[in-house]
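Observations on the model geometry
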Amino acid sequence: MPDIVDITIIGAGVVGLAIASQVARQHRKVYVAEKNETFGQEQSARNSEVIHSGIYYGRDFLKTKLCLEGNDLIYELCENYGIAFNRCGKMFVAVNDLEAEMLEGLYKNGTDNGLPLKMLSQKEMRQLEPNVRGIAAFLSPTSGIVDSYALMKYFLDKARGNGAHIIYKSKVIGIEKVSGGYEVRIDAPSGGTVFTTRVLINCAGLYSDRIAEMAGINIEEANYRLYWGKGEYYSVGGGKNRLINRLVYPVPEPVGPGIHTCLDVNWRLRLGPLFHYVEKIDYKVDDSRKSVFLQSSMVKALPFIEPSDLEPETSGIMAMLYREGEPVSDFIIRHEQDRGLPGFINLIGIDSPGLTASPAIARYVSQLIDEVD
C-alpha cells in the first residue's frame, strides 16, 4: 500500500462500495479498508433486500430524498447490468380500525412525497391478494426486491475496474489529523500499516460512531452515538410463498416497519424482522420469541400461515441514532470541516432505507468530495 492515497473509505458494505464505484477513477488512488474477510458481512447482508419507495419519512428528510432517487437508480442499474430484481410492488394492510386510521396517515405521507400510491377497495384487494385479509389497504407499485449480494458485487467490480483497491482483514485502529489529510493506522493479520489519506470517508456501519470518535469528534455532543437494533427473521415453509403475489406490509411500528413479508428474488418467503435493542453483536435467533410473531398483525393478515410453517432463520443488526421511545432520526452524511476536520466525511446511522438509497448516497458523497477538491 502506498504511503499517501487520495481517498480512503472505511467499510465495504453496500454504501462504502457504492461510494468507491462512484469516486474511483484513473490517476486517483482510492482504497477501501474492510475489517472482515470479504465485503458486505454485516448490515448489507442481513436485511430484507427490499427496494423501498420512500413512504415512511417526511419530504424534508435526507432519507426520503435519497430513497426516492435511489429507487430509480437501482432499477436502472438492475435493468442495465443484469442484477436480479423483482418490481413486485407492496401492499400495506390494516387489520383493525386503529391500524386503518394509521394507514390513512401513511398513505397521505407517501402521496405528499410524490409516490404513485393507490388506495384499494375490498374488491380490488381480493383481486390482487385473494389470500390476504384486512379491512383497508393501499398499493405501492414502485417497491420491489433486489439481490443485495449481486448489487454489491456490481459496485465492487465497477470500483475495481476504475482503479480502486479493496483491502480485507484491515481494521482501522487509529486516525490522526496531519498536514494535508489524515494518518490512518490499520491492524491486519500480516502486520500493521500506517498511511496518509487526503480524504477519509467513514462508512463503518455498526461501528461508524467509534470511527468518528477516533477522528476526534465528541460523539455525545455531536449526537453521533449509535444504538444497535436487532431484527429476527423466520422462514415460512409449506409452499406458502405461492399464496402471495407481492410484498405485504403492516402499518409501521414506533421503531421500524414492523413484522412483514420478506421475499427474495427466488420468491423464498420469510417473516420479520422482530425488533429489539441489543448491547452486543449476536446473530442467534431466539426461538422463544416465536409467539410474538404469531400475535403480530402480519400473521392476522396472512391467516394461511400456521405455527408449524415458521422456523427461526437469521437476524440482522442495524446501527441507529435513536433509542426506544425517541423520534426517528435522519441519516448523517456530513463533511466535518467546521469541526476542524477538512476532508473527513461521516456517514452515521445509515439504517433503512440505506440499501435502496446506496447509489444516491454515492452521488451525494461524490459531490461533497468535489467540494473538498
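This text follows the structure it describes.
Scoring rules and cut-offs
Residues numbered from 1 in each chain as written. Predicted model: local features only at pLDDT ≥ 70, side-chain atom pairs only at ≥ 80, totals over all residues. Heavy atoms only, no water. Helix = DSSP H or I, 4+ residues; strand = E, 2+ residues; numbered from the N terminus. Rg over C-alpha atoms; globule rule 2.2 N^0.38 Å. Buried < 20%, exposed > 50% of the residue type's maximum accessible area, 1.4 Å probe, protein only. Contact = heavy atoms within 4.5 Å. Areas by Shrake-Rupley, 256 points an atom, 1.4 Å probe, with all protein chains shown as cover. Lys, Arg positive; Asp, Glu negative; His and termini not counted. Charge placed at Lys NZ, Arg CZ, Asp CG, Glu CD. Core = buried A, V, L, I, M, F, W, Y, C linked by side-chain atoms within 4.5 Å. Expected span 1.5 Å × (residues − 1). Arc of directions from axis to C-beta. Pairing = 2+ DSSP bridges. Axes fitted to C-alpha atoms, helices over the stretch in contact; angles between N-to-C directions. Salt bridge = Lys/Arg side-chain N within 4 Å of Asp/Glu carboxyl O.

Here we come to the overall build of the protein chain. Counting its regular elements, the protein chain contains nine helices and 19 strands. For 373 residues, the compact-globule formula gives about 21 Å, and the C-alpha radius of gyration of the protein chain, at 21 Å, lands near that figure. Along the first, second and third principal axes, the C-alpha set of the protein chain runs to 65 × 40 × 40 Å. The burial tally for the protein chain puts 54% of its 373 residues in the buried class. Expressed as a percentage of contacts within the protein chain between residues at least 6 apart in sequence, the contacts between residues at least 24 apart total 72%. Accessible area for the protein chain stands at about 16,000 Å²; split by element, carbon and sulfur atoms hold 47% of it. With 40 positive and 47 negative side-chain charges, the protein chain shows a separation of 3 Å between the mean positions of the two kinds.

This paragraph deals with the nonpolar core. In this structure, Ile9, Ile19, Ile201, Ile333, Leu347 and Ile361 are the most contacted members of the largest nonpolar core, which totals 48 residues. Counting residues per element, the ones that place at least two in this core are strand S1 (4-10), helix H1 (14-23), strand S2 (30-33), helix H2 (62-81), helix H5 (148-161), strand S12 (193-202), strand S19 (344-348) and helix H9 (354-372). Of the residues forming this core, the biggest block, eight residues, is contributed by H9. Isoleucine 19 has contacts with Ile9, Ile201, Cys203, Leu347, Ala362 and Val365, leaving out every residue within four places of it along the chain. Counting 42 residues, the second largest nonpolar core, distinct from the first, contains Leu106, Ile259, Ile305 and Leu310.

This part is about helix H3 (residues 97-112). Between the first and last C-alpha of H3 there are 23 Å, a value that for 16 residues agrees with the 22 Å anticipated at 1.5 Å per step. What H3 keeps buried is the set Glu99, Ala100, Leu103, Leu106 and Gly110. Across the axial projection of H3, the buried residues extend over an arc of 115°, all falling on one side. Those residues of H3 that are exposed and angled more than 90 degrees off the buried face are Asp97, Leu98, Glu101, Glu104 and Lys108. Looking at the buried residues of H3, the elements they touch are strand S5 (90-94), strand S7 (136-140) and helix H8 (297-301). Where H3 terminates, the next one or two residues include glycine 114, which has phi positive at roughly 90°.

In this section: H2. Between its terminal C-alpha atoms H2 stretches 27 Å, which fits the 28 Å expected from 20 residues at 1.5 Å a residue. Within H2 the residues assigned to the buried category are Leu62, Lys63, Thr64, Leu66, Cys67, Gly70, Asn71, Leu73, Ile74, Tyr75, Leu77 and Cys78. Among the structural elements, strand S3 (50-51), strand S4 (85-86), strand S8 (144-146), H5, strand S18 (332-335) and H9 are those in contact with the buried residues of H2. Backbone geometry just after H2 places glycine 82 at a positive phi near 70°.

Time to look at the sheet that holds strand S14 (residues 247-249). Across the sheet, four strands lie side by side as S6-S7-S5-S14; this open sheet has mixed pairing. Edge strands, defined here as strands with exactly one partner in the open sheet, are strand S6 (118-120) and S14. Taken over all neighbouring pairs, the strand axes of this sheet differ in orientation by 25° on average, direction set aside. Bridge count for S5 against S14 is three bridges, and the pairing is parallel. When the bridges of S14 are listed, phenylalanine 92 appears paired with tyrosine 249.

So, on to the pattern of salt bridges. Under the definition given, this model contains 19 salt bridges. Between arginine 87 and glutamate 79 there is a salt bridge; the shortest N-O distance is 3.2 Å. The exposure class of arginine 87 is partly exposed, given its relative accessible area of 41%. For glutamate 326, the salt bridge goes to arginine 323, with nearest N and O atoms at 3.2 Å. On the accessibility criterion, glutamate 326 (30% relative accessible area) is partly exposed. Relative accessible area serves as the criterion here: at 43%, arginine 323 is assigned to the partly exposed category. Overlapping salt bridges bring together Asp264, Arg268, Arg270 and Glu313 as one network.

Remember that the coordinates give geometry; whether it matters functionally is a separate question.
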